[in-house]
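Inside the fold
This is what each chain is made of:
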Amino acid sequence: ENYSIFSEGRSSDRIRIDSPLDFDTVHGTIDLVGRISPEGFVSYRLDLGSGLAPARWLQLGDTFTSLPQNNSLGSLDTAQHPDGLYTLRIQVIREGNLVENAYVVIQIDNTQN
């Protein structure tokens, strides 16, 4: 399949991540909160990568084919991942195989309770 990658800096105005914020330190299971505009929406997924510029992405959970309810994009169980700096990506597929990404950088620290 051919995808055109559409990316303006760290996020698109059509995808917003409200929580967590960039460089938040997180532990436990966290909820990802944000918005995806409905125009041409096909699906979205959540990915996690190690570091600031991940070479590989791990998909978290399913690919969702309906828009998020109550701005809940999904959740992340940080206990499944070693402590460190990660980039969370929301990848939205729109009609015409257009791909839009939004990113947030988080610090996982499971030593906190």
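These numbers were taken from a predicted model, which means no experiment stands behind them. (Residues numbered from 1 in each chain as written. Predicted model: local features only at pLDDT ≥ 70, side-chain atom pairs only at ≥ 80, totals over all residues. Heavy atoms only, no water.)

A few words on the environment of Val 33. Here Val 33 shows up in strand S4 (residues 29–36). Residue classification places Val 33 among the partly exposed residues on the basis of a relative accessible area of 28%. A C-alpha to C-alpha distance of 5.5 Å links Val 33 and Leu 73, two positions 40 residues apart in sequence. Among all residues touching Val 33, those that are not within four sequence positions of it are Arg 16, Ile 17, Asp 18, Ser 19, Asn 71 and Leu 73. (Helix = DSSP H or I, 4+ residues; strand = E, 2+ residues; numbered from the N terminus. Buried < 20%, exposed > 50% of the residue type's maximum accessible area, 1.4 Å probe, protein only. Contact = heavy atoms within 4.5 Å.)

Another point: the packing of aromatic side chains. Remark: the centre distance and the inter-plane angle together describe each pair of aromatic rings, the angle taken between the planes. For the structure on display, the rule yields three aromatic pairs. With a centroid separation of 4.9 Å and 25 degrees between ring planes, the pair formed by Tyr 44 and Phe 64 is classed as stacked. You can see Tyr 44 sitting in strand S5 (residues 41–50) and its partner Phe 64 sitting in strand S6 (residues 58–64), a full 20 residues away along the chain. On the basis of relative accessibility, which here comes to 29%, the residue Phe 64 falls in the partly exposed class. (Phe/Tyr/Trp six-rings, centres within 6.5 Å; stacked < 30°, edge-to-face > 60°.)

Take it as geometry only, folks, not as evidence of what the structure does.
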